[in-house]
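A look at the structure
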Amino acid sequence: MRLSHNDHSECVQSAQPWRRILRTVLVGTSASVLLCGLAACGDNTPSPSLTQSSAQAQGSYTEKLSGEFAAAGASSQKSAVDALIVGYSALQPNIAMSYDPSGSGAGVNTFLTGAVAWAGSDASLSDEQIQSSQAVCLGSTAFEIPVYVSPIAVAYNLSDYGLNDSSVHMSPSTIAKIFTGKITSWDDPQLKKENPDIADKLPSLEITPVWRSDKSGTTKTFQTYLHHTAPNDWTSEPSETWPNSLGQGAKGTPAVTMTIGQAQGTLGYADFAQVSGLGTVAVGVGSDYVAPSPEATAKLIDESAASSDSLGADGRFVIDVNYATQESGVYPIALVSYDIACPVYKDARTATYTKQWLTYALSDAGQKISQDNAGSAPIPQSLREKMLPVIDSITAASSGTAAKN
Amino acid sequence: MRTPDFDKFKPTRSSLAARKRTDMLMRVLIYAAFLVAVIPLVSVLYTTIVHGITRFDWYFLTHNMRGVVGGLYPYGGILHAAVGTLEITLGAMVISVPLGIMTAVYLVEYSAKKRLHKTISFFIDVMSGIPSIVAGLFAYSMFSLIFGPGTVNGFVGSAALSILMIPTIVRSTEEMLSIVPVDLREAAYALGVPKSRTIVRIVLRTALPGIVSGVILAIARVIGETAPLLIAAGSISSTNFNLFSGRMTTLPVYVYNEFQQGMASCPAGSALGTDAWGVCVPGIRMERAWAAALVLILLVLVLNGIGRLVAKVFAVKTK
C-alpha cells in the first residue's frame, strides 16, 4: 500500500518539471517568432557604401516585386551573384533571391526545365540547347550575355625566398612546359633567362604543379589559353578536366589556393580574386609580361568583343576570347561567364524580375559591387550599351501576375 | 564419501603469472584501442571549438546572411540556417517516427514468421544502405513530378531526410520491442487486456527509453546531411519560417557554401581590423563555417539532452 502511494507521488513530481519545460519551450518559441516579425527576421543592415551606390540607381526599378526568385548555374559566379543579390535586394526589399551554384551544365538544364528564371554558365549554349530552349521560352530561343569576367591568375608560393611580391615572368610555353613536367625546377635556365632581375634569387627547388581535380570552367579556360598560345608544348585538347596527374590535385578553387599556400615551390591556377597572399605570374604577351589585374583583363574583353564576328546575333553575345593577343598591357587569361535568359517568359513577374536583375548586373552599381567583392573585371561600357536593348525587350506572354516561381 | 582433492585444481605460480601477464597485455591493448578511438573525436571537438569560437556570439546567432557582402561588415550569421535545420529535422521526425515505430510494432508483434516480415526486413536493410544523395534526388524528383519542376522547399528536404531516418528508427525500435519480456505481455493478456492496448500501454511504454535513444541516433545521423538538402531544400540568405514554401538553408549546407567560396575579396582601400563599418575580414567565410559547425555540434548535444530528459520522464518507474 505504502509502495503504491510512493509510486504515485513520484509520478506527479516528475510530470511537473516536464510540463514546465514544455511550457517554457512553447512560450520561448512563440515569443521569438513574434519578436522576429516574419520575413525580416535577423536581416543585417547592409554596409552603407553598398546602399549608397544602389540608391543612385533607384529610378530604374520602380516596379516593386516580392516573393522568392531562384537562379542556378556556374559556381564561378557565386561570389559575384551573392554580392549582386545584396545590392539588388536593397532596391527590392521584399524579394528573397537564391543562386544555386550547381555548375554550368546543371544550371542550364535546370533553366531548360523552367525551374529557374535564368542560369549562369561558363560556356555558351550549344545549338541543341538553343533548340530545346524553345519550350521554356515559349517559342523564342534563349540568349546569353556576358556578366562576369574573372582574370585567372597563375599563382605560386615562394614566400620563403621573398619572391611572392615580385611577379615571376613566364612565357606561355614556359607555363605549358611546367604543367607537363618538362621544366621541373625554379632555377631552370629558361626561367632565369625570362627573369634577369631576380635570376639569382630563384631557388633550386622543385616546382609542384597544383591543379583542379574536379570539373571546372577555370580548368578549361586555362587549358584553352595554353592550347592557343603554346600549341607545341600543350598538346591535349582543352576540357573541363585536367589531363595529367603531375604534382597535386585539389577540389575547388579554395582548396587549390590552400594547397599552394601550404608548400613552397608550388604553382597553380585560380581565380584572381582568390589568390591574395600568393605570388602571381606575369605572363608573356607579345614581347611584354603582364601581371593579372581587372583593368588589364577588361582590355582583353574589349579587344575580344571587337573581333567577335557574330556578337549580338539573335541577342546572343558570345565573346571569342582572344587568348593569343599580342597587345601590350592586356592580360590574356580570363574566364567569361554568361547569364542565360529567355526573351519571353510565361508570367509577368518573372519577366520583370529577369529584366531588372540583368539590368542591375550590367549597371555601374552592379559592376562595381561585383568588382569590389568578387574581384571580377568590369564589362566595357560600349559592350554593355549594346546588350541593354536585348534585356529591355524581355516580355511576358500573359499579363497575369499570379504565378509560380 | 571422500571430499575431492581441491588442491589438485590449484593454479601453479607460473600459470598465475601467465594469467596476470595476459590480463595486463589485454588491458593495455584495450585502453590503447580506446585512446585511438577517442583521438579523432577530441581532435574534431578541439579544432571546431578553437576555430569556431571567434565568430560564435549573439550577433551570429540572431542574424541571417541577407545584406552580407564579401568580407565587409556586417558579417552575418546563422539564424536562417538554424531555423532551417530545426524545422526540416522536425518535419523529418514527424514523418519517420510514427512510420518507423509502427513498422517495428508490426514486425515484432504481428508478423513474426510471415512472408511479409521477411520482405519488409529485407527492404529496411536495403533502405539503410541508400546513399544520402540518392534520397535527396528521390525527394526532389518526386516533388518535381507532383508539384511541377523545380519544387524546392523545406518539406522536400524533410522527405529526403525521413528516407534516411526510417530504417534506423525501425531497426532500433525492433530491437527494443523484442527485448520486452514476454511475461509482461502475458500478464496483460491474463488480465483481459486486448492486444492493441497491451502494445500501446505495456510494450511501447516499457521500451520507450530505448526507442527515444534510437530516434536521437537517427536524428544525429541526418542532422549533418549536406548533399540531399543541397538539392531538396536549396539555400537562401534570408530567414524562412515556412517549411512548405520557399528555399531553406540548413547548417551543413551553410557550412558547405561558406567553405566552398573560400577567401572573401575586399574592396580596394577597405580597412582591416575589428568589427566596424568598412572593415573587411578576408577569412570571414572560414570563420563563419567553423562557428556554424560548432553550433551544429551544440545543437546535436542539446537534442541529445532533450531526448534523455524525455526518456527519463516517461520511463516506467521501477523500485
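Residues numbered from 1 in each chain as written. Chains lettered and ligands numbered in written order. Predicted model: local features only at pLDDT ≥ 70, side-chain atom pairs only at ≥ 80, totals over all residues.

**Observations concerning the overall build of chain A**
Broken down by element type, chain A carries 13 helices and 14 strands. When the 405 residues of chain A are sorted by exposure, 49% land in the buried category. (Helix = DSSP H or I, 4+ residues; strand = E, 2+ residues; numbered from the N terminus. Buried ≥ 20, exposed ≤ 12 C-beta atoms within 10 Å, placed from the backbone.)

**Topic: the overall build of chain B**
When helices and strands are tallied, chain B shows eleven helices and zero strands. For chain B, the succession of helices and strands along the chain, N to C, is α-α-α-α-α-α-α-α-α-α-α. In summary, chain B has a C-alpha radius of gyration of 27 Å against a globular reference of 20 Å for 319 residues, an excess of more than 25%. Along the first, second and third principal axes, the C-alpha set of chain B runs to 105 × 60 × 35 Å. Counting all 319 residues of chain B, 42% fall into the buried class. Considering only intrachain contacts with a sequence separation of at least 6, the fraction spanning at least 24 residues in chain B is 76%. (Rg over C-alpha atoms; globule rule 2.2 N^0.38 Å. Contact = placed C-beta atoms within 7 Å.)

**Digging into the nonpolar core**
All names here are of chain A. In terms of nonpolar packing, the biggest core is built from 120 residues, with Leu84, Val116, Val283, Ile301, Ala334 and Ile340 touching the most fellow members. Top contributing element to this core by residue count: strand S4 (residues 143-157), with ten residues. Of the residues that make up this core, three or more belong to each of domain 1 (5-150 + 337-402) and domain 2 (151-297). (Core = buried A, V, L, I, M, F, W, Y, C linked by C-beta atoms within 7 Å. Domains from an automatic or database assignment.)

**Quick look at the interface of chain B and chain A**
Listed by partner, the interface residues are 38 residues for chain B and 45 residues for chain A. If you list the elements that add at least two residues to the side of chain B that touches chain A, you get helix H3 (79-110) and helix H10 (251-261) of chain B. It is H10(B) that provides the largest number of residues to the side of chain B that touches chain A, a total of three residues.

**Topic: the packing of H3(B) against helix H6 (residues 154-178) of chain B**
Residue and element names in this part refer to chain B. In the contact formed by H3 and H6, the axes pass within 6 Å of each other and the chain directions differ by 35°. Between H3 and H6 lies a crossing of right-handed hand. Its residues assigned to classes, the contact of H3 with H6 comprises 18 nonpolar, twelve polar and two charged. (Axes fitted to C-alpha atoms, helices over the stretch in contact; angles between N-to-C directions. Left-handed = near helix turned anticlockwise from the far one by under 90°. Nonpolar A, V, L, I, M, F, W, Y, C, P; charged D, E, K, R; others polar.)

**What about the UniProt feature "transmembrane region" (unreviewed entry) in chain B?**
The feature "transmembrane region" (unreviewed entry), as given by UniProt, occupies residues 28-49, 88-108, 120-140, 146-166, 202-223 and 289-311 of chain B in the numbering adopted here. This span, residues 120-140 of chain B, is 86% helix and 0% strand, and a straight line between its end C-alpha atoms measures 25 Å. (UniProt positions renumbered as here; feature names shortened; annotations may be inferred.)

**Some words on the sheet that holds strand S5 (residues 169-170) of chain A**
Strand order in the open sheet formed by three strands is S5-S10-S11 (chain A), with mixed pairing between adjacent strands. Single-partner strands in this sheet number two, and they are S5 and strand S11 (288-290) of chain A. (Pairing = 2+ DSSP bridges.)

**Considering the domain arrangement of chain A**
All names here are of chain A. Domain boundaries assigned for chain A yield domain 1 (5-150 + 337-402) and domain 2 (151-297). Contact residues are listed per partner, giving 14 residues for domain 1 and nine residues for domain 2. Counting only elements with at least two residues in the side of domain 1 that touches domain 2, the list comes to S4 and helix H12 (364-374). The class makeup of the residues in the side of domain 1 that touches domain 2 is six nonpolar, seven polar and one charged.

**Comments concerning the pairing of strand S6 (residues 208-212) of chain A**
All names here are of chain A. Of all the five residues making up S6, five are buried; the element is thus mostly covered by neighbouring parts of the structure. Because side chains alternate across S6, one face comprises the buried residues Thr208, Val210 and Arg212, and the other comprises Pro209 and Trp211, equally buried. Relative to strand S8 (residues 266-271), S6 is paired through three bridges, and the arrangement is parallel. Of the residues in S8, the one forming a bridge with valine 210 is glycine 268. Here S6 pairs with strand S7 (residues 248-250) via three bridges, running parallel. Along S7, the bridge assignment pairs valine 210 with glutamine 248.

**Some thoughts on the pairing of strand S12 (residues 334-341) of chain A**
Residues and elements named next belong to chain A. The buried fraction of S12 is high, at eight of eight residues. Where S4 meets S12, eight bridges bridge the pair, whose relative direction is antiparallel. Of the residues in S12, the one forming a bridge with tyrosine 148 is serine 337.

**Considering helix H9 (residues 253-262) of chain A**
All of the buried residues in H9(A) are Thr253(A), Ala255(A), Val256(A), Thr257(A), Thr259(A) and Ile260(A). Summarising the contacts, the buried residues of H9(A) are in contact with S4, S6, helix H8 (217-229), S7 and S8 of chain A.

**Considerations on the confidence of the model for chain A**
Residues and elements named next belong to chain A. Per-residue confidence for chain A averages 83 on the pLDDT scale, and 85% of its residues sit at or above 70. A low-confidence stretch, residues 1-15 stays under pLDDT 50, and its non-local contacts, those more than four residues away or across chains, total four contacts. For the stretch residues 399-405, pLDDT sits under 50, and the model shows 15 contacts to residues farther than four places along the chain or on other chains. (pLDDT = per-residue confidence, 0-100.)

**Describing the environment of Pro74(B)**
Residue and element names in this part refer to chain B. Turning to its location among the elements, proline 74 is positioned in the loop between helix H2 (58-62) and H3. Judged by local crowding, proline 74 falls into the partly exposed class, with 18 C-beta atoms found within 10 Å. Taking the C-alpha atoms as reference, proline 74 lies 7.3 Å from tryptophan 277; in sequence the two are 203 residues apart.

**Comments concerning unusual backbone geometry**
A positive phi angle is found at Leu138(A), which is not glycine, with a value near 55°. In this structure, Leu138(A) sits in the loop between helix H5 (127-136) and S4.

**Digging into H6(B)**
Three or four residues apart is the spacing at which side chains of an α-helix point the same way, because the helix has 3.6 residues per turn. Residue and element names in this part refer to chain B. With 25 residues, H6 extends 35 Å between its outermost C-alpha atoms, agreeing within 8% with the 36 Å of an ideal straight helix rising 1.5 Å per residue. Residue methionine 165 marks the point of greatest curvature in H6, where the axis turns by about 30°; the proline proline 167 follows within four residues. Counted residue by residue, H6 has 23 buried out of 25 residues, so it is predominantly covered. (Expected span 1.5 Å × (residues − 1). Bend = angle between axes of the 7 residues up to and from the residue.)

**Considering the environment of Asn94(A)**
Residues and elements named next belong to chain A. As for its placement among the helices and strands, asparagine 94 is situated in the loop between helix H3 (78-91) and strand S2 (95-100). Sequence separation of asparagine 94 and alanine 142 is 48 residues, and the distance between their C-alpha atoms is 28 Å. Each residue touching asparagine 94, except ones within four places of it in the same chain, is listed here: Lys64, Leu65 and Ser66.

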